[in-house]
Amino acid sequence: MKGSLFLRLFVPVAVIMALCLFILLWIVSNQINSNTLSESISRAESTVEQFKLIRAYYTKNIVATVLKSSDIKGSINHKDNSKAIPLPATMIHDLSTELSETGIRMKLFSAYPFPNRKERVLDSFEQDAWNALNKDPQSTFSREEIIDGLHYIRVAKSDIMVSPVCLACHNTRSDTPKNDWKLGDVRGVLSIDMPIDAMKKNATTVHSLLAYLLLY
Ligand code: HEC
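Here goes a summary of the coordinates provided.

Examining the packing of aromatic side chains
Taken as a whole, this structure holds four aromatic pairs when the rule is applied. For the ring pair F6 and F10, a centre distance of 5.4 Å and an interplane angle of 15 degrees mean the geometry is stacked. Placement of both F6 and F10 in helix α1 (residues 2-69) is noted, with a separation of four residues, approximately one turn of the helix. What makes F6 exposed here is its relative accessible area of 52%. Centroid distance Y112 to W181: 5.6 Å. Interplanar angle 90 degrees. Geometry classified as edge-to-face. One end of the pair, Y112, is in the loop between β3 (105-109) and α3 (124-135); the other, W181, is in the loop between α4 (164-170) and β6 (186-195), with 69 residues separating them in the sequence. Judged by its relative accessible area of 32%, Y112 is partly exposed.

The structure is reproduced here in structure tokens:
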């Protein structure tokens, strides 16, 4: 009799506790996951803004001055040319190569590459980002993806024709892929792929800890 009363009390209490722990586990790991993602997205957004700022500074204070007062030219192929410095977009392309060694991938792209990059093929994220940002240029486009076995959050922002200086060059260069750009047009997309495996590990640790508590 005693035993069955104990069982009648213990079993429902244990089941309710297990259920509560499961729900807690689910809420906490979901919360950590979504915090991880939103934190990574805002870090990527600010990295994009920083690169745009550096490019604007480079364009205004270095490229403009050098081109005006010397015979040095802005060029895509500047590396082995002592009379050339990188164009602003070329600087971003070059920096993205350097940055890739740190695990962060940055890319500047569009559906209208210059002839030197015409072999480039956009992947499905890049194609979707290009379409979405053309529809809503002020928005941020992001997606979680696994690339070569690693988790990334991929974040893209538009690169807009903000000044007549952009148009003057993009609409007149002989190698331009399109020459009727207007102010406010989305010329390209700047994207950052942030590795999030380390941050995801935190969520997994909490997950395992709760599972351990639950089982033992
Ligand atoms: C002096 C000429 C010049 C000016 C000024 C200029 N660009 Fe460019 N831009 C280029 C050239 C040339 C390329 C190709 C560079 C390369 O592929 O390395 C390019 C590439 C780009 C790309 C990458 C396109 C792609 O698909 O690879 C974007 C986006 C872009 N420019 C946006 C802008 C914006 C926005 C401005 C104004 C804030 C601007 N550019 C000002 C000449 C210029």
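Here the narrative resumes.
Things to note about the sheet that holds strand β4 (residues 141-147)
In spatial order, the strands read β3-β6-β5-β4; together these four strands make up an open sheet with antiparallel pairing. Edge positions in the sheet fall to β3 and β4, since each has one partner strand and no second. Strand after strand, the sheet turns through a mean of 20 degrees between neighbouring axes, direction not considered. Bridge count between β4 and strand β5 (residues 150-160): seven bridges; the pairing is antiparallel. Bridged to I146 within β5 is H151. With respect to the sheet, helix α2 (residues 88-99) is in contact with β3 and β6, its orientation differing from that of β3 by roughly 155 degrees. Contacts from α3 reach β3, β4, β5 and β6 within the one sheet, and its direction differs from that of β4 by about 180 degrees.

Examining the pattern of salt bridges
If you walk through the whole model with that rule in mind, you get 14 salt bridges. R55 is the partner of D159 in a salt bridge, and the nearest nitrogen-oxygen pair spans 2.8 Å. Note that D159 is positioned in strand β5 and R55 in helix α1, a separation of 104 residues in sequence. Summarising the burial analysis for this pair, D159 and R55 share the class buried. The partner of K83 in a salt bridge is D71, and the shortest N-O contact between them spans 3.5 Å. With K83 in the loop between β1 (73-75) and β2 (84-86) and D71 in the loop between α1 and β1, the pair connects residues that are 12 residues apart, well separated along the chain. With relative accessibility at 44%, the residue K83 sits in the partly exposed group. Residue D71 is classed as partly exposed on the basis of its relative accessible area, which comes to 48%. Here the salt bridges share partners, and the residues they tie into one network are R105, K107, D123, E126, D128, R143, E145, R154 and D193.

Structural notes on the coordination of the iron atom of the ligand
Coordination of the iron atom of the ligand by the protein involves just one donor, H170 (NE2), at a distance of 2.1 Å. Structurally, the position occupied by H170 is in helix α4.

Concerning the site of the ligand
Taken together, 24 residues are adjacent to the ligand, and S110, R117, C166, C169 and H170 come closest. Contact between the ligand and T90: an oxygen atom at 2.9 Å from a side-chain N or O atom of the residue. Between the ligand and S110, the relevant distance is 2.5 Å, taken from an oxygen atom to a side-chain nitrogen or oxygen of the residue. Here the ligand occupies the largest pocket. Contributing elements (two or more residues each) for the shell around the ligand: α2, β3, β5, α4 and β6. Here the element with the most residues in the shell around the ligand is α4; it accounts for four residues. Partitioned by chemical class, the residues of the shell around the ligand number 13 nonpolar, six polar and five charged.

Conventions and cut-offs
Residues numbered from 1 in each chain as written. Predicted model: local features only at pLDDT ≥ 70, side-chain atom pairs only at ≥ 80, totals over all residues. Heavy atoms only, no water. Phe/Tyr/Trp six-rings, centres within 6.5 Å; stacked < 30°, edge-to-face > 60°. Helix = DSSP H or I, 4+ residues; strand = E, 2+ residues; numbered from the N terminus. Buried < 20%, exposed > 50% of the residue type's maximum accessible area, 1.4 Å probe, protein only. Pairing = 2+ DSSP bridges. Axes fitted to C-alpha atoms, helices over the stretch in contact; angles between N-to-C directions. Contact = heavy atoms within 4.5 Å. Salt bridge = Lys/Arg side-chain N within 4 Å of Asp/Glu carboxyl O. Donors = N, O, S within 2.8 Å, 3.2 Å for Na, K, Ca; no water. Near = heavy atom within 4 Å. Polar contact = N/O pair within 3.5 Å; in protein donor to acceptor, adjacent residues only side chain to side chain. 1 Å grid on protein atoms, 1.4 Å probe; cavity = no way out; pocket = protein on both sides within 12 Å on 5 of 7 lines; lining within 4 Å. Sits in = over half its atoms within 2 Å of the grid points. Nonpolar A, V, L, I, M, F, W, Y, C, P; charged D, E, K, R; others polar.

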